[in-house]
Amino acid sequence: MNWRISFHSAELQEEILGLPAGFVARFLRYAERMEVYGPDLGMPHTRAMGDGLFELRLKAAEGIARVFYCTLVGRRVVMLHQFIKKSEKTPLNDLKIARNRMKEVKDEKLS
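Model, not experiment: these values are computed from the prediction.

Next up on the list: the sheet that holds strand β5 (residues 76-85). In space, the 5 strands of this open sheet follow the order β1-β5-β4-β3-β2, with mixed pairing throughout. Taken across any chain shown, the strands that pair with only one partner, and hence form the sheet edges, are β1 (4-7) and β2 (46-50). Taking the axes of each pair of neighbouring strands and ignoring which way they run, one obtains an average angle of 35° across the sheet. Relative to β5, helix α1 (residues 10-17) is tilted by about 50°, and along the sheet it contacts β1, β4 (63-72) and β5. Packed onto the sheet, helix α2 (residues 21-37) meets β1, β2, β3 (53-60), β4 and β5 and runs at close to 135° relative to β3.

What follows is the structure in structure tokens.
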């Protein structure tokens, strides 16, 4: 059974697809791979951020972008948050947004 990819919101899906072309191409390529092989593509494509949060690492001519995601029972991958990386460290605010959205998604599945 293949994995299914979904988004935290329609707005997030639009944000991701509205990124510069190089990022969108990478995202679509990696998303297709995730559907077939699962959410862990390994470095340098994906990285565990702890407590069930992962990042999809997009590198293109336009720079570096990240898309945070989590997994749910039933082979589901949920994209939570995206940002274009401008510094060495992941901004704490972006990490906080992703963790809050992951909690929302997981709490929603329990109720």
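Further notes follow.
Quick look at the side chain of Q82 now. Take Q82: it is sitting in strand β5. For Q82, a relative accessible area of 11% gives the class buried. Of the polar contacts made by the side chain of Q82, one reaches the side chain of E15; its length is 3.1 Å. Not counting residues within four places of it along the chain, the set of residues in contact with Q82 comprises L12, E15, I16, L19, R66 and V67.

Going through the model one piece at a time under the given rule, you end up with 3 aromatic pairs. Between F7 and F27, the aromatic rings sit 6.2 Å apart at their centres with planes inclined by 40°, giving tilted as the arrangement. Pair noted here: F7 is in strand β1 and F27 is in helix α2, with a separation of 20 residues, a long-range link. Residue classification places F27 among the buried positions, given a relative accessible area of 3%. Taking the centre distance of 5.5 Å and the plane angle of 20° together, the rings of F54 and Y69 count as stacked. Within this pair, whereas F54 is found in strand β3, its partner Y69 is found in strand β4, the two being separated by 15 residues in sequence. Overall, F54 belongs to the partly exposed group, its relative accessible area being 26%.

Criteria and thresholds
- Residue numbers run consecutively from 1 along every chain, following the written order of its sequence.
- Predicted model: local features are reported for residues with pLDDT of at least 70 only, side-chain atom pairs are reported and counted for 80 or more only, and whole-chain, interface and lining totals are derived from all residues.
- Where side-chain values are given, they derive from all heavy atoms of the structure, hydrogens and water being excluded.
- What makes two strands pair is DSSP finding at least two bridges between them.
- Think of it this way: any DSSP run of H or I at least four residues long counts as a helix, any run of E at least two long counts as a strand, and we number them from the N terminus.
- Only C-alpha atoms enter the line fits that serve as axes; for helices the fit covers just the stretch in contact. Angles between N-to-C directions range over 0 to 180 degrees.
- When checking whether two residues touch, look at their non-hydrogen atoms; a contact exists if any pair is within 4.5 Å.
- Only protein chains enter the accessibility calculation, which uses a 1.4 Å probe. A residue is then buried if its area is under 20% of the maximum for its type, exposed if over 50%, and partly exposed in between.
- Counting of polar contacts relies on pairs of N or O atoms within 3.5 Å, with two restrictions inside protein: one atom must be capable of donating a hydrogen and the other of accepting it, and residues adjacent in sequence are counted only when both atoms are side-chain atoms.
- Each aromatic pair joins two rings of Phe, Tyr and Trp (for Trp, the six-membered one) with centres within 6.5 Å, and gets the label stacked for planes under 30 degrees apart, edge-to-face for over 60, and tilted for any other angle.

These results come straight from atomic positions and should not be treated as a statement about function.
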